[in-house]
Amino acid sequence: MLAIDHKSDNSVEILFERMQDVLASGSDALTDSEVNGVYKYEWSVRVENIIAVPLSCNNKIIGMMIATNLLDRNDFDTNNIRLFNAVATECAIFIGNQNHFMDLKELLIGSLKALVNSIDAKDQYTRGHSDRVAIISKWIAEHYSKSKKIGQEDIQKIYLSGLLHDIGKIGISEEVLKKPGKLTEEEYEEMKNHPAIGAGILSEIQQMSEILPGILHHHERFDGKGYPKGLAANNIPLMGKIVMIADSFDAMTSERTYRKALSVDDALKEIEANLGRQFDPAIGQIFLKSDITKLWEILQTGQNDDQYHDSSIDFGATAIGALVH
Ligand SMILES: [Fe+2]
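Residues numbered from 1 in each chain as written. Predicted model: local features only at pLDDT ≥ 70, side-chain atom pairs only at ≥ 80, totals over all residues. Heavy atoms only, no water.

J.: Even after reading the chapter, I still don't get the overall build of the protein chain, so can you show me in this structure?
T.: Check the secondary structure of the protein chain and you find 13 helices and three strands. Every one of the 325 residues in the protein chain was classed for burial, and the buried ones make up 46%. Sequence-distant contacts, at least 24 apart, represent 62% of the contacts inside the protein chain between residues at least 6 apart. When the accessible area of the protein chain is evaluated, it comes to approximately 17,200 Å², of which 51% is carbon and sulfur surface. (Helix = DSSP H or I, 4+ residues; strand = E, 2+ residues; numbered from the N terminus. Buried < 20%, exposed > 50% of the residue type's maximum accessible area, 1.4 Å probe, protein only. Contact = heavy atoms within 4.5 Å. Areas by Shrake-Rupley, 256 points an atom, 1.4 Å probe, with all protein chains shown as cover.)

Below, the structure is given as structure tokens:
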């Protein structure tokens, strides 16, 4: 929109201040005409005439709409001023709505992060687990997308389901959650409720509906011996299969109160040994054949690299954006 050939870096700021002066004096626009041309031709020689009108939102000027160099006349007239103000009003409404949308999106991201942190805060040994499962899930989904038809939006949804997979643990008692060692049958039954509790919490947020399969089914096993539904093989949604591998890999390579962390190699061997039992063989193979050293580097730094332009936090924001159309 801006057609000023900058004489200096701050020419836009100067124009903005001048436009505000003109508006304060009761005009609807800054023009550079000879009639009210106190600002005449201080811009580049190629700017022969100019009009600047405010973009106002909630009685605040949030920007300007500027045009220069009328083709067939010497300067902008009152009709142009009216037309420009009408268009600027529409643009300002649009920009204002966009800003509200961004605020809402940030609020939603903040709320989800707070929810995730509240789970991780319950148990210091699982701190950071949700973030890492999200990164690993994204990693698997990206490698999977090279051979299958899933797009960027699917990858974003899988990332979010990884981030929120254990959100239902908020409804599990701390004694069970933090118990070192094996759970009793009763305790295990309680623990098994967390996927359904998580899906229940998020089902209250309409935009989250598309990531619910990853939350509800991240403990389903390929052989059908998982929970909550006991789904097997291809009845398990893709999101569930991917988060299952990501969750298991991170759990095995993290230290817990009752056991030491497995080495990366041993964790990979464990996954390989359980292909077709706990894990989907095809997706498991995709994970095993990927550059795990690189993934490990990303997990340690918490930052994605050249191949993954955004940090995981930015990716989370983009992913939420894909859900909140
Ligand atoms: Fe879980």
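J.: I'm lost on the pattern of salt bridges in this one. Help?
T.: A side chain with one charge may pair with a side chain of the opposite charge, provided their charged atoms come close. Going through the model one piece at a time under the given rule, you end up with nine salt bridges. The partner of Lys-192 in a salt bridge is Glu-189, with the nearest N and O atoms 3.1 Å apart. Between Lys-269 and Asp-266 there is a salt bridge, with the nearest N and O atoms lying 3.9 Å from each other. A residue pair is termed a helical-turn pair when its members lie 3 or 4 positions apart in one helix, as Lys-269 and Asp-266 do in helix H10 (residues 264-273) at three residues. (Salt bridge = Lys/Arg side-chain N within 4 Å of Asp/Glu carboxyl O.)

J.: Looking at this structure, how should I read the coordination of the iron ion?
T.: Coordination of the iron ion by the protein is provided by Asp-166 (OD), His-194 (NE2), His-218 (NE2) and His-219 (NE2), with metal-donor distances spanning 2.1 to 2.3 Å. Every donor counted, the four donor atoms about the iron ion form angles of 85 to 174° at the centre, which fits irregular coordination. With a relative accessible area of 0%, His-218 lands in the buried category. (Donors = N, O, S within 2.8 Å, 3.2 Å for Na, K, Ca; no water. Tetrahedral: all angles 85-135°; square planar, octahedral: opposite > 155°, others 65-115°.)

J.: What's the story with the packing of aromatic side chains in this structure? I'm lost.
T.: Given two aromatic rings, one states the distance between the centres and the angle between the planes to describe the pair. Under the defined criterion, the tally for this structure stands at four aromatic pairs. Plain terms: the ring middles of Tyr-188 and Tyr-227 are 6.1 Å apart, the flat faces sit at 85° to each other, and that makes the pair edge-to-face. Taken together, the residues Tyr-188 in helix H6 (residues 185-191) and Tyr-227 in the loop between helix H8 (212-216) and helix H9 (238-252) connect sequence positions 39 residues apart. These aromatic residues form a ring-pair network of at least three members: Phe-249, Phe-287 and Trp-296. (Phe/Tyr/Trp six-rings, centres within 6.5 Å; stacked < 30°, edge-to-face > 60°.)

J.: Can you help me understand the pairing of strand E3 (residues 60-68) in this one?
T.: The two faces of the sheet receive side chains in turn, since in a regular strand these alternate between them. When strand E2 (residues 50-57) meets E3, the two strands line up antiparallel, connected through eight bridges. By the bridge assignment, Leu-55 is partnered in E3 with Gly-63. Turn length for the E2-E3 hairpin, with the two strands adjacent in sequence and antiparallel, is two residues, and the turn residue Asn-58 shows positive phi of about 50°. (Pairing = 2+ DSSP bridges.)

J.: Quick question: what am I supposed to make of the pairing of E2 here?
T.: Among the eight residues that make up E2, seven are buried, leaving the element largely enclosed by the rest of the structure. One ladder, built from two bridges, connects strand E1 (residues 30-31) with E2; its direction is antiparallel. Considered in E2, the bridge of Leu-30 is made with Ala-52.

J.: Would you explain unusual backbone geometry in this entry?
T.: Generally, phi is negative for residues other than glycine and the peptide bonds are trans, each holding for most cases. Between Tyr-227 and Pro-228 the backbone carries a cis peptide bond, its omega angle lying at 10°. As for its position among the elements, Pro-228 is in the loop between H8 and H9. Phi at Asn-58 is positive, roughly 50°, even though this residue is not glycine. With respect to the helices and strands, the residue Asn-58 is situated in the loop between E2 and E3.

J.: Got a minute to help me understand the nonpolar core in this structure?
T.: Among the nonpolar cores identified, the biggest contains 31 residues, and Ile-136, Ile-140, Phe-249, Ile-271, Phe-287 and Leu-295 are the most heavily contacted of them. Of all the elements in the fold, those that place two or more residues in this core are helix H3 (129-145), helix H4 (152-164), H9, H10, helix H11 (281-289) and helix H12 (292-301). Setting aside its immediate chain neighbours within four residues, Leu-295 contacts Ile-135, Ile-136, Trp-139, Phe-249 and Phe-287. Formed by 16 residues, the second largest nonpolar core is a distinct cluster that contains Ala-134, Tyr-159, Met-208 and Ile-215. (Core = buried A, V, L, I, M, F, W, Y, C linked by side-chain atoms within 4.5 Å.)

J.: How do you make sense of the layout of surface pockets when you look at a structure like this?
T.: Here the idea is plain: a probe the size of a water molecule rolls over the atoms and shows the empty space left. Here the largest pocket defines a volume of roughly 1,300 Å³. Among the elements of the structure, helix H2 (78-122), H3, helix H5 (174-177), H6 and H9 are those that each provide at least two residues to the lining of the largest pocket. Among the elements that take part in the lining of the largest pocket, H9 stands out by supplying five residues, more than any other. (1 Å grid on protein atoms, 1.4 Å probe; cavity = no way out; pocket = protein on both sides within 12 Å on 5 of 7 lines; lining within 4 Å. Points joined across faces, edges and corners; volume = space filled by probe spheres on them.)

All quantities given are derived from atomic positions and should not be read as evidence of function.
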